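Structure assessment
The residues making up each chain are set out below.
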Amino acid sequence: MLSANVAAAVSSIDPKGVTLRYVCGNRFRVRNSNASALSVTYDVLGTDSGLREIWLSKRQTGAQYSERFFNAPTKGTVQMFYNGKKIRSTVNTGIVCGT
């Protein structure tokens, strides 16, 4: 059973506050505008890369969001999930980094 504090934090998380953007290569940026930290998972559609977990810190007081970058294991569309439900997806368009 969840403690009251943990249950309140989980219920205050809005998946719409999580954004996912392609950067370049296999690199992606994820932002969390929630006042609570959360764990999300992602996979690359159509591959056997499997689910990978990312911990997103809460936004700091006065900040609009926290930000994290990650490298997907392979090229493809990245799908992001929160509590097992897909909340975002974005395509790797093959931009070469550093150009």
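In what follows, the structure referred to is the one given above.
Keep in mind it's a predicted model, so treat the numbers as computed, not measured. (Residues numbered from 1 in each chain as written. Predicted model: local features only at pLDDT ≥ 70, side-chain atom pairs only at ≥ 80, totals over all residues. Heavy atoms only, no water.)

As for the state of the cysteines
By definition, a disulfide links two cysteine residues through a covalent bond between their sulfur atoms. The final tally for this structure, using the stated rule, is 1 disulfide. Paired through a disulfide, cysteine 24 and cysteine 97 show a sulfur-sulfur distance of 2.0 Å. One disulfide, between cysteine 24 and cysteine 97, carries an S-S torsion of 105 degrees and so falls in the right-handed class. A residue pair is termed long-range when its members are at least 10 positions apart, and cysteine 24 in strand β1 (residues 18-24) and cysteine 97 in the segment after β7 (85-90) qualify at 73 residues. Take cysteine 97: its relative accessible area is 40%, and that puts it in the partly exposed class. (Disulfide = S-S within 2.5 Å. Helix = DSSP H or I, 4+ residues; strand = E, 2+ residues; numbered from the N terminus. Buried < 20%, exposed > 50% of the residue type's maximum accessible area, 1.4 Å probe, protein only.)

Digging into the pairing of β7
Where strand β6 (residues 78-82) lies against β7, 5 bridges are found, and the strand directions are antiparallel. From the neighbouring strand, valine 78 faces β7, where its bridge partner is threonine 90. Taken together, β6 and the strand that follows it, β7, pair antiparallel across an intervening segment of 2 residues, in which asparagine 83 is found at a positive phi of about 55 degrees. (Pairing = 2+ DSSP bridges.)

Considerations on the side chain of serine 36
Secondary-structure assignment places serine 36 in the loop between β2 (27-32) and β3 (38-44). At 3.4 Å, the side chain of serine 36 forms a polar contact with the side chain of serine 12. (Polar contact = N/O pair within 3.5 Å; in protein donor to acceptor, adjacent residues only side chain to side chain.)

Digging into the packing of aromatic side chains
Taken as a whole, this structure holds 3 aromatic pairs when the rule is applied. Ring geometry for tyrosine 22 versus phenylalanine 28: centroids 5.3 Å apart, planes at 65 degrees, classification edge-to-face. Classification of phenylalanine 28 by relative accessible area gives buried; the value is 0%. When the ring of phenylalanine 28 is compared with that of phenylalanine 70, the centres are 5.6 Å apart and the planes differ by 20 degrees; the resulting orientation is stacked. A residue pair is termed long-range when its members are at least 10 positions apart, and phenylalanine 28 in strand β2 and phenylalanine 70 in strand β5 (residues 66-71) qualify at 42 residues. An aromatic cluster is present here, built from Tyr22, Phe28, Tyr42 and Phe70 joined pairwise through their rings. (Phe/Tyr/Trp six-rings, centres within 6.5 Å; stacked < 30°, edge-to-face > 60°.)

Things to note about the pattern of salt bridges
What the rule picks out here adds up to 2 salt bridges. Here glutamate 67 ties to arginine 29 by a salt bridge, and the two come within 3.6 Å at their closest N and O atoms. Separated by 38 residues along the polypeptide, glutamate 67 in strand β5 and arginine 29 in strand β2 bring together distant segments of the chain. Of the residues examined, arginine 29 reaches a relative accessible area of 22% and is grouped as partly exposed. The residue glutamate 67 makes a salt bridge to arginine 31 at a minimum N-O spacing of 2.8 Å. (Salt bridge = Lys/Arg side-chain N within 4 Å of Asp/Glu carboxyl O.)

Re the sheet that holds β3
Taken in spatial order, the 4 strands of this open sheet run β4-β3-β6-β7, and their pairing is antiparallel. Every other strand in the sheet has two partners, leaving β4 (52-56) and β7 as the edge strands with one partner each. Going from strand to strand, the sheet's axes swing by 30 degrees on average, the running direction of each strand aside. (Axes fitted to C-alpha atoms, helices over the stretch in contact; angles between N-to-C directions.)

Functional significance is not addressed by these values, which are geometric in nature.
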